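For reference, the chains in residue letters:
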Amino acid sequence: MKNDFIKYQAQTSPYPLGMEVSYAKGSYIYDTNNKKYLDFVAGVSACTLGHQPPRVNQAIKDQLDKYSHVMVYGEYSQSPAVEYCKLMASLLPAPLDKTYLVNSGTEAIEGALKLARRVTGRSQLISCHNAYHGNTMGSMSVMGFEERKQIFRPLIPDVDFITFNNEADLEKITSKTAGVLLETIQGGAGFIQPNNDFLKKVRERCSAVGALMILDEIQPGFGRTGKLFGFQNYDVVPDVVVMGKGMGGGMPVGAFTASGEMMDLLSDNPKLGHITTFGGHPVIAAACLATLKEITETDLMQQAIEKEILFRTLLVHPLIEEVRGKGLMLAAMTSSPDVTNQVILKCQDRGLILFWLLFEGCAIRITPPLTISEEEIKEGCAIIIEVMDEVLMTIEK
């Protein structure tokens with residue numbers, strides 16, 4: 001199967017890990033040799049409730065027995081999507097009360113950027129250096145990492161960049177700015193949290209000049225930081241929230257939410273200002289609804305903070321310079337990309353799945369399902385420390 005995977009399925013890198021997956025359940029993935037791997041990555045923050053979560057699986061099966069795709073987005077009233085958007089509105093602060101359902105995080109970014117231009121009548125978009133918001137042409141235009149996008153230029157014009165947590169750069173946000181797009185916690189850059197009320201200062205600047213503040217919650221969202229959305233940790237309310245990844249409990253989905261007044265502008269002048277065939281797909285929406293209910297009706301968000309403390313207690317080693325992030329969005333920072341590579345690959349051999357971050361080579365991604373148990377955390381951290389001991393011995397030689 002691995003040979004066919006390489007031959008027939010387009011790849012994202014020259015050296016994919018290529019694990020041959022047989023099945024997955026809970027916090028574990030099993031290969032075709034029935035070797036089990038403890039999953040500290042959760043499909044890159046997507047499998048919020050672990051693998052094969054019963055409530056989500058049942059919702060999918062129940063909806064399949066009723067109907068699947070029946071019409072392009074926005075024409076028919078379909079209960080899974082309607083109920084989901086209504087529940088989301090009740091959980092978000094005002095005026096965030098209308099949600100547009102799409103198929104992925106990057107598509108949601110596209111919609112949010114269009115919304116900013118439509119609302120303000122302006123063209124300039126501002127993002128951050130080392131930001132990652134997806135890989136379509138529009139999302140790539142606001143990616144703050146030139147090496148990854150140079151070959152695809154020309155991209156969308158009138159995009160400028162600021163440095164995350166640099167207050168002096170906020171002067172770049174002016175009356176010409178349509179929208180300022182930030183990750184609530186920078187992901188690919190190394191799980192960097194906002195400090196010194198940076199997000200509040202961006203909010204104030206956007207309000208002063210009439211620009212929309214757009215927060216990318218694709219990775220921090222859905223309980224991963226101990227709150228439903230990461231921005232709720234920082235006492236700020238954006239104009240637009242973008243979501244994806246963990247939203248569907250492992251199913252492909254994205255969305256963006258704003259006020260009804262703003263969102264209604266996409267439906268007229270011109271009509272079909274944003275459109276998608278499969279957005280709001282009833283089976284996917286049912287999975288999203290079950291996921292959201294499970295997160296908000298249990299103590300999983302509080303557990304995320306308690307589990308963060310456990311990780312930080314256990315991940316103490318000479319090769320770990322710091323642990324960044326919040327809740328179960330963590331990155332163990334080593335001294336070099338070579339050390340990080342060795343640890344990730346050796347841990348996979350030992351049955352523990354870790355992964356890299358996009359732009360920060362020293363980071364070891366630790367983003368397990370919110371449902372991971374304390375015993376599983378201890379099991380995985382023990383493997384990390386054991387492997388790091390071995391890597392340290394080779395360095396000292």
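Report follows, based on the coordinates. (Residues numbered from 1 in each chain as written. Predicted model: local features only at pLDDT ≥ 70, side-chain atom pairs only at ≥ 80, totals over all residues. Heavy atoms only, no water.)

### Description of helix α11 (residues 300-314)
- Taking 1.5 Å per residue, 15 residues should reach 21 Å; α11 reaches 20 Å between its end C-alpha atoms and fits that length.
- For α11, the complete set of buried residues consists of L300, M301, A304, K307, E308, L310 and F311. Looking straight down α11, one finds its buried side chains confined to an arc of 165°; they lie on one side. Exposed residues pointing more than 90 degrees away from the buried face of α11 are listed as I309 and T313.
- Next to the buried residues of α11 lie α10 (282-297), β11 (322-326), β12 (329-333), β14 (363-366) and α13 (374-396). (Helix = DSSP H or I, 4+ residues; strand = E, 2+ residues; numbered from the N terminus. Expected span 1.5 Å × (residues − 1). Buried < 20%, exposed > 50% of the residue type's maximum accessible area, 1.4 Å probe, protein only. Arc of directions from axis to C-beta. Contact = heavy atoms within 4.5 Å.)

### Section: unusual backbone geometry
- Looking along the chain, the bond that leaves R153 and enters P154 is cis, with omega of 5°.
- If you trace the backbone, P154 turns up in the loop between α7 (146-149) and β6 (159-162).
- Cis geometry marks the peptide bond from N269 to P270; its omega dihedral reads 5°.
- Looking at where P270 falls in the secondary structure, it is placed in the loop between α9 (260-263) and α10.

### Side note on the state of the cysteines
- By the definition in use, this model includes zero disulfides.
- With no disulfide partner, C47 has as its closest neighbouring cysteine sulfur the one in C288, 13 Å distant.
- C362 takes part in no disulfide bond, and the closest cysteine sulfur to it belongs to C347, at a distance of 16 Å. (Disulfide = S-S within 2.5 Å.)

### Describing the pattern of salt bridges
- Under the definition given, this model contains 13 salt bridges.
- The salt bridge involving E146 is made with R153; its shortest N-O contact spans 2.8 Å.
- Judged by relative accessible area, E146 falls into the partly exposed class, the value being 35%.
- Judged by its relative accessible area of 37%, R153 is partly exposed.
- A salt bridge links E167 to K201; the nearest nitrogen and oxygen atoms lie 2.8 Å apart. On the criterion of sequence distance, the pair formed by E167 in the loop between β6 and β7 (177-183) and K201 in helix α8 (residues 198-209) is long-range, its members being 34 residues apart.
- Via salt bridges that share partners, R55, E294 and E297 belong to a single interconnected network. (Salt bridge = Lys/Arg side-chain N within 4 Å of Asp/Glu carboxyl O.)

### Digging into the nonpolar core
- F40, Y84, F222, F256 and L354 are the most contacted members of the largest nonpolar core, which totals 114 residues.
- For this core, the element with the most residues is α10, which contributes 10 residues.
- F222 has contacts with T48, Y84, M88, L228, F229, M243, G244, G246, M247, L292, I295 and L370, leaving out every residue within four places of it along the chain. (Core = buried A, V, L, I, M, F, W, Y, C linked by side-chain atoms within 4.5 Å.)

Don't take any of this as a statement about function, it's just geometry.
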